[in-house]
Amino acid sequence: MGEMDQMKKEAEGLKSQIEAARKAAADTTLADAASGVAPAPRVQLKTRKTLKGHLAKIYAMHWATDCRLMVSASQDGKLIIWDAFSGNKINAVPLKSSWVMTCAYAPSGNLVASGGLDNMCTVYNLKTPVVKTVKELDAHTGYLSCARFLSDTEILTASGDTTCALWDIETGKQKTVFLNHVGDCMCLALSPDMNMFISGACDSLAKLWDIRDGTCKQTFQGHTSDINAISFFPSGNAVVTGSDDCTCKMYDLRSDQEVISYQDAQLNSGVTSLALSVSGRLIFAGYDDFNCNIWDSLKGEKVGVLSGHDNRVSCTGVPQDGMCVCTGSWDSFLKIWN
Amino acid sequence: MTINALNQNGFQREQMPCLTKMERMIVAMQDPDMGMKMRNQRLLITVIPHAMTGIDIVEWLIQKYSICEEEALHLGNLLVKFGYIYPLREPRNLCLKPDESPYRFQTPYYWTTTCWPATELDYAIYLAKKNIRKQGELIEYEKESYNALHKRINHTWDFVVMQAREQLRASKQRRKADRIVLECQEQAYWLVNRPPPGVMNVLEQGPERKNNLNTRVQLNAEFYKKEIEQNRRGIGRNRVKSSICLESFVKFCEQYQAHDPIMQGSLPSNPWITDDIMFWNMNSDTVAMPTKLRVERWSFSFMELLNDPLGRKELLRYLEKEFSAENLCFWQACEDVRHGETSKIPEKVDEVYKQFLAPGASRWVNIDSKTMEKTLEGIKRPHRFVLDDAQLHIYFLMKKDSYPRYLKSDLYKNLLAKAIVPQETKKSVFPFMRRQRHSSPSPALVPSGGEDDGKAKSSGAAPTKINSSS
């Protein structure tokens, strides 16, 4: 075993060198850089709509690009397509497996996808007279924790088998498999220019991947527990993560390091989901303690709370036009705030 | 969430923080001075001591926390669902009825907060006891569980039956009233920890997860070799100074603040607040005249212009005047190849070649010879990314050359001047009553010089004068 220990030591040694290089690039802190910025005033958002219809825990939701429709997935075995504005249910798609953990809306609005403990990602066509299953993407050996469409022909998935994959929906095959995480992958997010994506996993690392060549470009550490939520800062140059260690962190891609940690001594529940406002100034983070806290991304301060759910906030989403925030909870309701 | 909540760096994550809060409430309810008034309740022929009615609970909550009845009922329901209070009548229906129905506090031994793992063994013993006590007392789902457990832990079944018999024998030596109380408590505990089908499991935390400590990835020599390689590359990467990076975030937030409806409201109004969809109509893809904010946004970055279909249309008009429209058309055709159907790729690539790349093509694009050579070679075996290099070259050409000139052009400047600044929606039902039509009563606005009247006036916004309401 001497050889393995040596390799381990070498890998660790290189890691320390990377840390040193990062320190060298860190010539200022976000607190200093944002010192001239006025603090965001206390944000008091009200519930504008409550979407009732699910009969069990809601695990995921995703806005459509038209900013009015959305899809939600619940362990009652249904995907519901909502016109969130009117509160009407456009479609209720029955799922083969009720243990769903994620759902996604395609940018075109034609397709939705779901997946969970069945290890599969199922893609549905919403535009046929009756909602039909287009493909069942079956190759992961662990649960499906997150899925995101790139277009009507490609979809990215993150799985409990520690891999992420890019699929060709037409053929139903995996085109690229992204291997590098050591723990279950829990979340992923696409970069604004769609050339990269980031993933968060139970090994407490966030990784940046090049979609085209399938390689891991950067790894960000700092969390001490599972990363459950991840998102790009709207400029595409930073990444925000939420973790079971009760903190959110922002990592900068260009200086390759953690920039700030959003935490509070009184907050001792894990972060389950997060979403950013259009300017990136506000971070909406859903927690285990039934609340969604609002953070000022530049100042690192809590500026508001969305309270109203009876159980864990499992998913959060801001539509493309940034008009509101949607929270979904294990209490089976979705709330729109603004 | 993972059961293995790591305790590193002093951050101990609390499992289900709602439980400690409920516990505090329950303790307050049992305070001898300020707590609930208890009485004896008759249950059939037996008298159960220390019980209270549903309505008592609701009233106590209303009084103690100064809340309304709806909220008190809601809170009380949660206390019952999580097993801190249980009903004596209809024990399997875990909900709070605001009437004379009797309820009792669960004994701390069975409190959910103790997170005592309710193991299969314990459940088996409980079911076995029920079965022995009275044949046929097990309900359908309990019978199924019992049979399933019998199969699964068959090797310890003798122990299960022995324990069950022992516990029953011990309980027979208690007074009847006590025995009934203990049975009720145990039943309530199992209803929370093993809910009947159809009832939501309040204690469920999601599937078990694998991490560094129990990973399924083989941490072998191959793995460490890859780690070393990756780290070596990591050392060599170029790291931009933090000062530059962080400055860019600050600038970005500032620039986009006026475009962030949650931070700064939106005109004519936010549809989610006013139920008026005017905003969406005015900003649709096919609108004849765009809003000023939208046209301004095109100047933030080339991506903003390209991502907006209206922006692309305008750019095309400009490029046509400059006789370089083929660049944008080529870029769009490449996008179509990249994101379109796999089966259509070969024919699309062929079309692109004929129109844009072939010598003497009608819309020939000016790519450097090296990229052209590589692309022409690549399209012999067309795939989704074969046009990437060429597309990138044209993208940068437009970004560096056409885009800045477009922003300085009359076409753009005129559009910006003519662009609409929506009037704030003034829909009054009664002429003397003005309903507030902009963002929430306390919107997230940057206060500027003491002005706190809720209007959007800040450095980055379009120079509009919004009529102030009185």
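Remember, it's a predicted structure, so these values are computed and weren't measured experimentally.

1. Notes on the overall build of chain A
Item 1. Summing up its helical and strand segments, chain A has two helices and 28 strands in all.
Item 2. For chain A, whose C-alpha radius of gyration is 20 Å, the value lies close to the compact-globule estimate of 20 Å for 338 residues.
Item 3. Reported as C-alpha extents along the three principal axes, the dimensions of chain A are approximately 60 × 50 × 30 Å.
Item 4. Within the span of chain A, comprising 338 residues, buried residues form 65% of the whole.
Item 5. Contacts in chain A between residues at least 24 apart in sequence constitute 43% of all its contacts with a sequence separation of at least 6.
Item 6. Just so you have it, chain A exposes about 10,900 Å², and 49% of that area is on carbon and sulfur atoms.
Item 7. Averaging the locations of the 31 positively and 37 negatively charged side chains of chain A gives two centres separated by 7 Å.

2. Some points on the state of the cysteines
Here, the word disulfide means a covalent bond between the sulfur atoms of two cysteines.
Residue and element names in this part refer to chain A.
Item 1. Throughout the structure, instances matching the rule amount to zero disulfides over all chains.
Item 2. In this structure Cys-67 is not part of a disulfide, and its nearest cysteine sulfur, from Cys-324, lies 8.3 Å away.
Item 3. Classification of Cys-67 as buried rests on a relative accessible area of 5%.
Item 4. Unpaired in this structure, Cys-185 has its nearest cysteine sulfur neighbour in Cys-164, at a distance of 3.9 Å.

3. Notes on the sheet that holds strand β11 (residues 154-159) of chain A
All names here are of chain A.
Item 1. Pairing is antiparallel in the open sheet, where four strands are placed in the order β10-β11-β12-β13. The open sheet has two free edges, formed respectively by β10 (144-149) and β13 (173-179), since each of these has just one partner strand. In this sheet, adjacent strand axes meet at a mean angle of 20° when their direction is disregarded.
Item 2. As paired strands, β10 and β11 are joined by five bridges and run antiparallel to one another.

4. Some details on helix α19 (residues 388-408) of chain B
Residue and element names in this part refer to chain B.
Item 1. Between its terminal C-alpha atoms α19 stretches 29 Å, which fits the 30 Å expected from 21 residues at 1.5 Å a residue.
Item 2. Where α19 is concerned, the buried positions are Asp-388, Ala-390, Gln-391, Ile-394, Tyr-395, Met-398, Ser-402, Tyr-403 and Tyr-406.
Item 3. Among the structural elements, α14 (302-307), α15 (309-321), α16 (325-339), α18 (369-378) and α20 (410-418) are those in contact with the buried residues of α19.

5. Structural notes on the pairing of strand β6 (residues 100-105) of chain A
Residue and element names in this part refer to chain A.
Item 1. For β6, the tally of buried residues reaches six of six residues, placing the bulk of the element in the interior.
Item 2. Pairing of β6 with strand β7 (residues 111-116) involves five bridges; the strand directions are antiparallel. Along β7, the bridge assignment pairs Val-100 with Gly-116.
Item 3. Adjacent in sequence and paired antiparallel, β6 and β7 are bridged by five residues, among which Gly-109 carries a positive phi angle near 85°.

6. Considerations on the interface of chain B and chain A
Item 1. Contacts between the two partners involve 89 residues from chain B, matched on the other side by 120 residues from chain A.
Item 2. Interface area for chain B against chain A, summed over the two sides, is near 8,600 Å², with a carbon-plus-sulfur share of 60%.
Item 3. Our enumeration of links across chain B and chain A arrives at five salt bridges.
Item 4. In this structure, A:Glu154 and B:Arg384 form a salt bridge, with 3.7 Å as the shortest nitrogen-oxygen distance.
Item 5. At the junction of chain B with chain A, the criterion picks out 28 residue pairs in polar contact (both at pLDDT 80 or more).
Item 6. Counting residues per element, the ones that place at least two in the side of chain B that touches chain A are α8 (221-236), α9 (242-256), α10 (261-264), α11 (271-274), α12 (278-282) and α16 of chain B.
Item 7. Of the residues belonging to the side of chain B that touches chain A, the class tally is 39 nonpolar, 29 polar and 21 charged.

7. Overview of the UniProt feature "domain: RGS" (unreviewed entry) in chain B
Item 1. As recorded in UniProt, the sites labelled "domain: RGS" (unreviewed entry) are residues 301-416 of chain B.
Item 2. Taken end to end, residues 301-416 of chain B is 73% helix and 0% strand, and its two terminal C-alpha atoms sit 16 Å from one another.

8. Examining the packing of aromatic side chains
Item 1. A full pass over the atoms with the stated rule returns 30 aromatic pairs over all chains.
Item 2. Look at B:Phe223 and B:Tyr224: their rings are 5.3 Å apart centre to centre, the planes differ by 75°, and that puts the pair in the edge-to-face class.
Item 3. Judged by its relative accessible area of 9%, B:Tyr224 falls in the buried class.
Item 4. Pairing B:Phe252 with B:Tyr256 gives two aromatic rings, centres 4.2 Å apart and planes at 20°, and the pair type is stacked. Of this pair, B:Phe252 and B:Tyr256 both sit in helix α9, four residues apart, which is roughly one turn of the helix.
Item 5. Owing to a relative accessible area of 13%, B:Phe252 belongs among the buried residues under this scheme.
Item 6. The buried category is assigned to B:Tyr256, whose relative accessible area is 4%.
Item 7. Counting every residue linked through ring pairs, the aromatic cluster contains B:Tyr109, B:Tyr110, B:Tyr123, B:Tyr126, B:Tyr189 and B:Trp190.
Item 8. Taking the ring centre of A:Trp330 as reference, the NZ or CZ of A:Lys57 above it sits at 4.1 Å.
Item 9. Its end group placed over the ring of A:Trp330, A:Arg312 keeps NZ or CZ at 4.1 Å from the ring centre.

9. Some remarks on the confidence of the model for chain B
Residues and elements named next belong to chain B.
Item 1. Looking at chain B, pLDDT values average 81 and 85% of them are 70 or higher.
Item 2. Contacts of residues 1-12 to residues separated by more than four positions or lying in other chains number 31 contacts, the stretch itself having pLDDT below 50.
Item 3. Predicted confidence is poor over residues 428-470, with pLDDT under 50, and the contacts of this stretch with residues over four places away or in other chains come to 64 contacts.
Item 4. Model confidence for the complex is summarised by a pTM of 0.82, with the ipTM given as 0.92.

10. Thoughts on the environment of A:His223
All names here are of chain A.
Item 1. Along the chain, His-223 turns up in the loop between β17 (216-220) and β18 (227-232).
Item 2. For His-223, a relative accessible area of 5% translates into the label buried.
Item 3. Along the chain, His-223 and Ala-206 lie 17 residues apart, while their C-alpha atoms are 9.0 Å from each other.
Item 4. At 2.7 Å, the side chain of His-223 forms a polar contact with the side chain of Thr-241.
Item 5. Only 3.4 Å separates the side chain of His-223 from the side chain of Thr-247, close enough to count as a polar contact.

11. Observations concerning the packing of helix α4 (residues 120-133) of chain B against helix α7 (residues 176-193) of chain B
Residues and elements named next belong to chain B.
Item 1. The contact between α4 and α7 brings their axes to 12 Å, and the two run at 130°. In terms of axis orientation, α4 runs oblique to α7. The chirality of how α4 crosses α7 is left-handed. Across the interface between the two elements, Asp-122, Tyr-123, Tyr-126, Lys-129, Lys-130 and Arg-133 of α4 pack against Glu-183, Glu-186, Gln-187 and Trp-190 of α7.

About the cut-offs
- Residues numbered from 1 in each chain as written.
- Chains lettered and ligands numbered in written order.
- Predicted model: local features only at pLDDT ≥ 70, side-chain atom pairs only at ≥ 80, totals over all residues.
- Heavy atoms only, no water.
- Helix = DSSP H or I, 4+ residues; strand = E, 2+ residues; numbered from the N terminus.
- Rg over C-alpha atoms; globule rule 2.2 N^0.38 Å.
- Buried < 20%, exposed > 50% of the residue type's maximum accessible area, 1.4 Å probe, protein only.
- Contact = heavy atoms within 4.5 Å.
- Areas by Shrake-Rupley, 256 points an atom, 1.4 Å probe, with all protein chains shown as cover.
- Lys, Arg positive; Asp, Glu negative; His and termini not counted.
- Charge placed at Lys NZ, Arg CZ, Asp CG, Glu CD.
- Disulfide = S-S within 2.5 Å.
- Pairing = 2+ DSSP bridges.
- Axes fitted to C-alpha atoms, helices over the stretch in contact; angles between N-to-C directions.
- Expected span 1.5 Å × (residues − 1).
- Buried area = accessible area lost by both parts, 1.4 Å probe.
- Salt bridge = Lys/Arg side-chain N within 4 Å of Asp/Glu carboxyl O.
- Polar contact = N/O pair within 3.5 Å; in protein donor to acceptor, adjacent residues only side chain to side chain.
- Nonpolar A, V, L, I, M, F, W, Y, C, P; charged D, E, K, R; others polar.
- UniProt positions renumbered as here; feature names shortened; annotations may be inferred.
- Phe/Tyr/Trp six-rings, centres within 6.5 Å; stacked < 30°, edge-to-face > 60°.
- Lys NZ or Arg CZ within 6 Å of the ring centre and 35° of its normal.
- pLDDT = per-residue confidence, 0-100.
- Parallel < 35°, antiparallel > 145°, perpendicular 65-115°, else oblique.
- Left-handed = near helix turned anticlockwise from the far one by under 90°.

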